[in-house]
Amino acid sequence: MTEVRYRKVKPGDADAIADLWCARRPQDPERAKVRAAEFIARARGKQEFVTVAEEDGVLVAYARAAYFTRPADAPDRTAPSGWYLLGISVRADRKRRGIGRSLTARRLGWLREQGAEVAFYFADFDNEASIGMHEEFGFAPAIRDVLFPGMRADSKPMILHRLDLKAPGFARADRAAP
Ligand SMILES: CC(C)(COP(=O)(O)OP(=O)(O)OC[C@H]1O[C@@H](n2cnc3c(N)ncnc32)[C@H](O)[C@@H]1OP(=O)(O)O)[C@@H](O)C(=O)NCCC(=O)NCCS
(Lines give C-alpha, C1' and ligand atoms only; values in the text may rest on other atoms or scores of the structure.)
Protein backbone atom coordinates (compact mmCIF):
# COMPACT_ATOMS: atom_id res chain seq x y z
CA MET A 1 0.00 0.00 0.00
CA THR A 2 1.27 3.47 -0.85
CA GLU A 3 1.38 6.44 1.48
CA VAL A 4 -1.85 8.31 2.06
CA ARG A 5 -1.69 12.06 1.46
CA TYR A 6 -4.16 14.47 3.07
CA ARG A 7 -5.02 17.88 1.65
CA LYS A 8 -7.82 20.42 1.34
CA VAL A 9 -10.35 19.86 -1.41
CA LYS A 10 -9.85 21.38 -4.88
CA PRO A 11 -12.50 22.28 -7.51
CA GLY A 12 -11.37 19.34 -9.67
CA ASP A 13 -12.32 16.85 -6.90
CA ALA A 14 -16.10 17.05 -7.48
CA ASP A 15 -16.29 14.10 -9.86
CA ALA A 16 -14.18 11.82 -7.64
CA ILE A 17 -16.29 12.68 -4.58
CA ALA A 18 -19.46 12.01 -6.57
CA ASP A 19 -17.98 8.64 -7.60
CA LEU A 20 -17.46 7.75 -3.91
CA TRP A 21 -21.14 8.44 -3.19
CA CYS A 22 -22.35 6.55 -6.25
CA ALA A 23 -20.24 3.51 -5.35
CA ARG A 24 -21.79 3.50 -1.87
CA ARG A 25 -25.42 4.03 -2.91
CA PRO A 26 -26.98 4.14 -6.39
CA GLN A 27 -27.94 7.72 -7.30
CA ASP A 28 -27.95 10.18 -10.18
CA PRO A 29 -24.23 10.80 -10.91
CA GLU A 30 -24.86 14.23 -12.45
CA ARG A 31 -26.78 15.44 -9.40
CA ALA A 32 -24.04 14.04 -7.17
CA LYS A 33 -21.40 16.04 -9.09
CA VAL A 34 -23.44 19.24 -8.73
CA ARG A 35 -23.88 18.65 -4.98
CA ALA A 36 -20.13 18.01 -4.54
CA ALA A 37 -19.27 21.12 -6.58
CA GLU A 38 -21.60 23.19 -4.34
CA PHE A 39 -19.87 22.30 -1.10
CA ILE A 40 -16.42 22.58 -2.69
CA ALA A 41 -17.38 26.15 -3.65
CA ARG A 42 -18.44 26.82 -0.03
CA ALA A 43 -15.12 25.40 1.18
CA ARG A 44 -13.26 27.71 -1.22
CA GLY A 45 -15.25 30.58 0.30
CA LYS A 46 -14.12 29.37 3.79
CA GLN A 47 -17.72 28.69 4.88
CA GLU A 48 -16.89 25.06 5.43
CA PHE A 49 -13.97 22.67 5.61
CA VAL A 50 -13.53 19.79 3.19
CA THR A 51 -10.51 17.53 3.36
CA VAL A 52 -9.60 14.60 1.16
CA ALA A 53 -7.21 11.65 1.21
CA GLU A 54 -5.43 10.42 -1.87
CA GLU A 55 -3.12 7.60 -2.81
CA ASP A 56 -0.97 7.79 -5.94
CA GLY A 57 -2.90 10.91 -6.89
CA VAL A 58 -6.26 9.11 -6.68
CA LEU A 59 -8.89 10.47 -4.29
CA VAL A 60 -9.92 7.66 -1.90
CA ALA A 61 -11.84 9.56 0.79
CA TYR A 62 -13.35 12.91 1.68
CA ALA A 63 -14.86 14.52 4.78
CA ARG A 64 -16.66 17.79 5.60
CA ALA A 65 -17.30 20.09 8.55
CA ALA A 66 -19.38 23.27 8.78
CA TYR A 67 -21.62 25.42 10.99
CA PHE A 68 -25.29 24.50 10.66
CA THR A 69 -27.99 27.09 11.40
CA ARG A 70 -31.32 25.50 12.26
CA PRO A 71 -34.02 27.24 10.20
CA ALA A 72 -36.60 29.02 12.40
CA ASP A 73 -39.47 27.13 10.75
CA ALA A 74 -37.77 23.71 10.90
CA PRO A 75 -39.79 20.70 12.11
CA ASP A 76 -39.49 19.96 15.86
CA ARG A 77 -37.09 17.05 15.57
CA THR A 78 -34.58 19.06 13.50
CA ALA A 79 -30.99 18.99 14.82
CA PRO A 80 -29.83 22.10 16.76
CA SER A 81 -27.63 24.86 15.35
CA GLY A 82 -23.94 24.25 15.90
CA TRP A 83 -20.64 23.03 14.51
CA TYR A 84 -21.02 19.75 12.69
CA LEU A 85 -18.94 17.01 11.17
CA LEU A 86 -21.02 16.41 8.05
CA GLY A 87 -20.25 13.82 5.34
CA ILE A 88 -17.37 11.37 5.40
CA SER A 89 -16.73 8.51 3.03
CA VAL A 90 -13.75 6.20 2.57
CA ARG A 91 -13.50 4.04 -0.55
CA ALA A 92 -14.57 0.47 0.28
CA ASP A 93 -11.15 -1.05 -0.48
CA ARG A 94 -9.37 1.54 1.68
CA LYS A 95 -11.42 1.16 4.87
CA ARG A 96 -9.99 0.23 8.24
CA ARG A 97 -6.59 1.78 7.61
CA GLY A 98 -7.02 4.85 9.79
CA ILE A 99 -8.08 7.20 6.97
CA GLY A 100 -11.47 8.05 8.52
CA ARG A 101 -9.78 8.70 11.87
CA SER A 102 -7.19 11.03 10.28
CA LEU A 103 -9.82 12.97 8.32
CA THR A 104 -11.89 13.33 11.48
CA ALA A 105 -8.89 14.56 13.49
CA ARG A 106 -8.34 17.19 10.81
CA ARG A 107 -12.01 18.21 10.87
CA LEU A 108 -12.02 18.55 14.65
CA GLY A 109 -8.83 20.61 14.45
CA TRP A 110 -10.56 22.98 12.03
CA LEU A 111 -13.63 23.25 14.30
CA ARG A 112 -11.41 24.19 17.22
CA GLU A 113 -9.68 26.83 15.08
CA GLN A 114 -13.13 28.29 14.42
CA GLY A 115 -13.67 28.57 18.19
CA ALA A 116 -16.14 25.68 18.44
CA GLU A 117 -16.70 24.38 21.98
CA VAL A 118 -19.05 21.56 21.01
CA ALA A 119 -19.05 19.35 17.93
CA PHE A 120 -22.00 17.33 16.60
CA TYR A 121 -22.44 14.65 14.01
CA PHE A 122 -25.37 12.41 13.14
CA ALA A 123 -25.45 8.87 11.86
CA ASP A 124 -27.95 6.14 11.06
CA PHE A 125 -28.67 4.35 14.34
CA ASP A 126 -27.04 1.16 13.03
CA ASN A 127 -23.93 2.63 11.36
CA GLU A 128 -21.45 0.74 13.54
CA ALA A 129 -18.39 1.86 11.57
CA SER A 130 -19.21 5.56 11.88
CA ILE A 131 -20.30 5.34 15.50
CA GLY A 132 -17.22 3.27 16.41
CA MET A 133 -14.87 5.71 14.71
CA HIS A 134 -16.41 8.83 16.32
CA GLU A 135 -16.57 7.13 19.74
CA GLU A 136 -12.77 7.03 19.76
CA PHE A 137 -12.81 10.84 19.91
CA GLY A 138 -15.29 10.88 22.78
CA PHE A 139 -18.55 11.49 20.88
CA ALA A 140 -21.61 10.20 22.75
CA PRO A 141 -25.28 9.87 21.69
CA ALA A 142 -27.28 13.01 22.56
CA ILE A 143 -30.63 12.98 20.72
CA ARG A 144 -32.42 10.05 19.12
CA ASP A 145 -34.32 10.28 15.86
CA VAL A 146 -33.20 13.71 14.63
CA LEU A 147 -33.99 15.30 11.30
CA PHE A 148 -31.51 17.23 9.19
CA PRO A 149 -32.43 19.35 6.15
CA GLY A 150 -31.68 17.53 2.92
CA MET A 151 -31.75 14.04 4.40
CA ARG A 152 -33.20 11.33 2.21
CA ALA A 153 -36.89 10.59 2.56
CA ASP A 154 -36.09 6.87 3.01
CA SER A 155 -33.44 7.61 5.67
CA LYS A 156 -33.21 5.32 8.71
CA PRO A 157 -33.70 6.85 12.19
CA MET A 158 -30.64 8.97 12.95
CA ILE A 159 -28.89 9.65 16.23
CA LEU A 160 -27.23 12.99 16.98
CA HIS A 161 -23.89 12.59 18.77
CA ARG A 162 -22.13 15.31 20.75
CA LEU A 163 -18.54 16.00 21.78
CA ASP A 164 -17.45 18.67 24.28
CA LEU A 165 -14.26 20.06 22.75
CA LYS A 166 -13.40 21.84 26.02
CA ALA A 167 -13.64 18.73 28.17
CA PRO A 168 -10.46 17.93 30.11
CA GLY A 169 -8.50 15.22 28.38
CA PHE A 170 -9.87 15.97 24.94
CA ALA A 171 -6.64 15.48 23.04
CA ARG A 172 -7.33 12.19 21.37
CA ALA A 173 -8.30 14.02 18.19
CA ASP A 174 -4.90 15.69 17.99
CA ARG A 175 -3.05 12.50 18.79
CA ALA A 176 -4.92 10.63 16.10
CA ALA A 177 -3.53 12.75 13.27
CA PRO A 178 -0.58 11.05 11.54
C1 LIG B 1 -17.20 5.30 8.78
C2 LIG B 1 -15.97 5.31 7.89
C3 LIG B 1 -15.74 6.74 7.38
C4 LIG B 1 -14.74 4.87 8.72
O5 LIG B 1 -13.57 5.05 7.92
P6 LIG B 1 -12.28 4.10 8.06
O7 LIG B 1 -11.16 4.78 7.37
O8 LIG B 1 -12.61 2.72 7.63
O9 LIG B 1 -12.06 4.10 9.64
P10 LIG B 1 -10.66 3.95 10.41
O11 LIG B 1 -9.83 2.92 9.74
O12 LIG B 1 -10.08 5.29 10.61
O13 LIG B 1 -11.20 3.36 11.80
C14 LIG B 1 -10.93 4.00 13.02
C15 LIG B 1 -11.68 3.24 14.11
O16 LIG B 1 -13.08 3.35 13.91
C17 LIG B 1 -13.71 2.12 14.33
N18 LIG B 1 -14.29 1.44 13.17
C19 LIG B 1 -14.03 1.64 11.86
N20 LIG B 1 -14.78 0.82 11.09
C21 LIG B 1 -15.49 0.06 11.94
C22 LIG B 1 -16.44 -0.98 11.76
N23 LIG B 1 -16.78 -1.41 10.53
N24 LIG B 1 -17.03 -1.52 12.86
C25 LIG B 1 -16.70 -1.10 14.09
N26 LIG B 1 -15.78 -0.11 14.34
C27 LIG B 1 -15.19 0.46 13.27
C28 LIG B 1 -12.60 1.27 14.93
O29 LIG B 1 -12.48 1.62 16.30
C30 LIG B 1 -11.40 1.75 14.14
O31 LIG B 1 -10.17 1.49 14.79
P32 LIG B 1 -9.42 0.08 14.54
O33 LIG B 1 -9.40 -0.18 13.06
O34 LIG B 1 -8.07 0.34 15.13
O35 LIG B 1 -10.23 -0.94 15.28
C36 LIG B 1 -16.10 4.31 6.69
O37 LIG B 1 -16.52 3.05 7.19
C38 LIG B 1 -17.08 4.75 5.61
O39 LIG B 1 -16.70 5.46 4.66
N40 LIG B 1 -18.35 4.33 5.72
C41 LIG B 1 -19.34 4.63 4.68
C42 LIG B 1 -19.80 6.07 4.78
C43 LIG B 1 -20.37 6.40 6.14
O44 LIG B 1 -21.04 5.60 6.78
N45 LIG B 1 -20.08 7.64 6.58
C46 LIG B 1 -20.50 8.11 7.89
C47 LIG B 1 -21.82 8.75 7.84
S48 LIG B 1 -22.26 9.35 9.49
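Residues numbered from 1 in each chain as written. Predicted model: local features only at pLDDT ≥ 70, side-chain atom pairs only at ≥ 80, totals over all residues.

Caption draft 1: Broad picture of the pairing of strand β5 (residues 118-124). Where burial is concerned, most of β5 is hidden: five out of the seven residues are buried. Examined bridge by bridge, strand β4 (residues 82-90) and β5 share two bridges and lie parallel to one another. From the neighbouring strand, Trp83 faces β5, where its bridge partner is Ala119. Taking the sense of rotation as the criterion, the β-α-β connection linking β4, helix α3 (residues 99-113) and β5 turns out right-handed. Here β5 pairs with strand β7 (residues 158-164) via seven bridges, running antiparallel. In the strand pairing of β7, Ala123 is matched with Ile159. (Buried ≥ 20, exposed ≤ 12 C-beta atoms within 10 Å, placed from the backbone. Helix = DSSP H or I, 4+ residues; strand = E, 2+ residues; numbered from the N terminus. Pairing = 2+ DSSP bridges. Right-handed = clockwise from strand over helix to strand, strands pointing away.)

Caption draft 2: View of unusual backbone geometry. In this structure, Lys46 is a non-glycine residue whose phi angle is positive, near 65°. Within the secondary structure layout, Lys46 lies in the loop between α2 (29-44) and β2 (48-55). With 8 C-beta atoms packed within 10 Å, Lys46 lands in the exposed category.

Caption draft 3: Examining the site of the ligand more closely. Around the ligand sit 19 residues, and of these Gly100, Arg101, Ala129, Gly132 and Met133 come closest. The element that contributes the greatest number of residues to the shell around the ligand is helix α4 (residues 128-135), accounting for five residues. Per-class residue counts for the shell around the ligand are six nonpolar, six polar and seven charged. (Near = placed C-beta within 6 Å. Nonpolar A, V, L, I, M, F, W, Y, C, P; charged D, E, K, R; others polar.)

Caption draft 4: Highlighting the environment of Ala37. Topologically, Ala37 is positioned in helix α2. In this structure Ala37 comes out as partly exposed when scored by C-beta crowding, with 15 C-beta atoms within 10 Å. Considered as a pair, Ala37 and Pro11 are 26 residues apart in the sequence and their alpha carbons are 6.9 Å apart.

Caption draft 5: View of the packing of helix α1 (residues 14-24) against α2. Where α1 meets α2, the axes come as close as 8 Å, and the angle between the chain directions of the two elements is 125°. When the axis of α1 is compared with that of α2, the two are oblique. Where α1 crosses over α2, the two elements pack in a sense that is right-handed. Across from Ala14, Asp15, Ile17, Ala18, Trp21 and Cys22 in α1, the residues of α2 making contact are Pro29, Ala32, Lys33, Ala36, Ala37 and Ile40. Classifying every residue of the contact of α1 with α2 gives 10 nonpolar, no polar and two charged. (Axes fitted to C-alpha atoms, helices over the stretch in contact; angles between N-to-C directions. Parallel < 35°, antiparallel > 145°, perpendicular 65-115°, else oblique. Left-handed = near helix turned anticlockwise from the far one by under 90°. Contact = placed C-beta atoms within 7 Å.)

Caption draft 6: Spotlight on the nonpolar core. Judged by nonpolar contacts, the single largest core of 41 residues is most densely connected at Ala61 and Tyr62. Among the elements that line this core, the one with the most residues is strand β3 (residues 58-68), at seven residues. (Core = buried A, V, L, I, M, F, W, Y, C linked by C-beta atoms within 7 Å.)

Caption draft 7: Just α1, in detail. Within the sequence span of α1, burial applies to Ala14, Ile17, Ala18 and Leu20. Along the axis of α1, the buried residues cluster in a sector spanning 150°; they form a single face. (Arc of directions from axis to C-beta.)

Treat this as a map of the structure, not an account of what it does.
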